[in-house]
Amino acid sequence: MKSLADVDLHELQSALHDAALPESHALRLLLAYYKQNGVINTDALQLGAPATALFNDLLSTTHTTVAARHVSSDGTVKLLLSLRAGGTVEAVLMPSYHDTRAAGCLSSQVGCAMGCDFCASTRGGLERNLTAGEIVEQFLHLRREAATQGRRLNTVVFMGMGEPMHNLDAVATAIRRVTVPPFNLIAKRGVTVSTVGIVPGIERLASMDLNVHLALSLHAPDDETRSKLIPSNKRWKVADVMDAAKRFSESTGRVVTIEYTLLAGVNDSDAQARELSRVMHGFRAHVNLIPYNPIGPGLSGVTYEKPSVDRIERFRTILTDANVVTHVRQTRGDDVNAACGQLRHRATTLPIASV
Ligand code: SF4
């Protein structure tokens, strides 16, 4: 069964037209649905009995329920969402330093097939792709969380569970649904699609005219290190993924973010910082350094650690001295397992409190 998150204005108008009912109900219904972040009061909407009956299934169906909600001391909210069609995914809300804004992190798949060694999302492999409606509902859950904090969800990144390029049609449909006028739930420039480096996906995203940002999870500037961390690097090497990201930037005009999770003793040396500066040379992109949030042993059995504050600062300084725009991401939600896949992994291994 479909929920309102699965349909667009045109579909609702067509259904009303076919039933000889006023098409204007479609806009009223969707505006109310989005304005109330997925919680709709049909009595207050007064659609009339025939239209209410026509949309009975849509109005009574949701794909996602909050199975667990963890709030960090820094205000980060991590939701474990249970899916009616099976499985669980995570969505995270991070309050901005601007006290009226918040950022969200969305999942695109249940589990992940990519096998990145340091990531909890991939431990059970890929279960399935999310539908566009399931992604829209995730977005609405985060928007509701933001509203309860008096904030607006003004940026989202597809950097939760899954590789978005392997579910790009559903991701693109969901993005269009929440950015299209007259709903305008978020600006396209507020949306970032993150990839571990699926080159055909990057090219396809650039050709879709979505006008969103791209983040490339690089995590190492040399093929030897990157192939140990990210299996897909054996197919698309550092030079391949950087070239694809550069072409994306040139064709869309968007500044690309290079995501780099710092792992102590693995990818945080001075030599690797210098090599990262070299591969960034002439590229209109900035580097986002993410101090690792430990999750225990990776798939290979290696236990990764967060580098020291001094090491992180040294790595950053080498990049900035080479004129690479670099930010160190403030670690958020450590006390609620906010790293990708951690809460879901924990939920499958330990009992967690339901909401
Ligand atoms: S880091 Fe991203 S692409 Fe890699 S396994 Fe985790 S969810 Fe998948």
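Everything discussed here concerns the structure shown above.
Below is a summary of the structure that appears in this document. Just so it is clear, the structure is predicted and the values come from calculations on it, not from any experiment.

Here we take up the packing of aromatic side chains. According to the stated counting rule, one finds four aromatic pairs in the structure shown. Seen from their ring centres, Y260 and F315 are 5.2 Å apart, and the 35° between their planes marks the pair as tilted. With Y260 in strand β10 (residues 256-262) and F315 in helix α12 (residues 309-321), this pair connects stretches of sequence that are 55 residues apart. The exposure class assigned to Y260 is buried, which follows from its relative accessible area of 0%. With a centroid separation of 6.1 Å and 80° between ring planes, the pair formed by Y292 and Y304 is classed as edge-to-face. A residue pair is termed long-range when its members are at least 10 positions apart, and Y292 in the loop between β11 (285-291) and α12 and Y304 in the loop between β11 and α12 qualify at twelve residues. Each of the two residues, Y292 as well as Y304, counts as buried.

Attention shifts here to the pattern of salt bridges. If you walk through the whole model with that rule in mind, you get twelve salt bridges. Note that R69 and E145 form a salt bridge whose closest N and O atoms lie 2.7 Å from each other. Within this pair, whereas R69 is found in strand β1 (residues 64-71), its partner E145 is found in helix α6 (residues 132-148), the two being separated by 76 residues in sequence. Relative accessible area serves as the criterion here: at 37%, R69 is assigned to the partly exposed category. For K228, the salt bridge is made with E224, and the minimal N-O distance between the two is 3.9 Å. Within this pair, K228 and its partner E224 are both found in helix α9 (residues 223-229), separated by four residues, close to a single helical turn. E224 shares its class with K228; the two are exposed. Members of the salt-bridge network, linked through shared partners, are D270, R311 and R314.

As a further point, take the site of the ligand. As a structural note, the neighbourhood of the ligand is formed by ten residues, with C112, C116, C119, T122 and G162 the closest of them. Here the shell around the ligand is composed, by residue class, of five nonpolar, five polar and no charged.

Attention shifts here to α6. Over its 17 residues, α6 runs 25 Å from end to end, which matches the ideal 24 Å to within 8%, given 1.5 Å per residue. Taken across its 17 residues, α6 has 14 buried, putting it largely inside the fold. Just downstream of α6, G150 is the residue with a positive phi angle, here 75°.

Another aspect to go through is the side chain of R143. Position of R143 among the secondary structure elements: in helix α6. Although R143 is buried, it makes no salt bridge; E145 carries the closest opposite charge, 13 Å away. In this view, R143 contacts Y34, N37, R152, L153 and L185; residues no more than four positions away in its chain are not counted.

Rules used in this analysis
Residues numbered from 1 in each chain as written. Predicted model: local features only at pLDDT ≥ 70, side-chain atom pairs only at ≥ 80, totals over all residues. Heavy atoms only, no water. Phe/Tyr/Trp six-rings, centres within 6.5 Å; stacked < 30°, edge-to-face > 60°. Helix = DSSP H or I, 4+ residues; strand = E, 2+ residues; numbered from the N terminus. Buried < 20%, exposed > 50% of the residue type's maximum accessible area, 1.4 Å probe, protein only. Salt bridge = Lys/Arg side-chain N within 4 Å of Asp/Glu carboxyl O. Near = heavy atom within 4 Å. Nonpolar A, V, L, I, M, F, W, Y, C, P; charged D, E, K, R; others polar. Expected span 1.5 Å × (residues − 1). Lys, Arg positive; Asp, Glu negative; His and termini not counted. Contact = heavy atoms within 4.5 Å.

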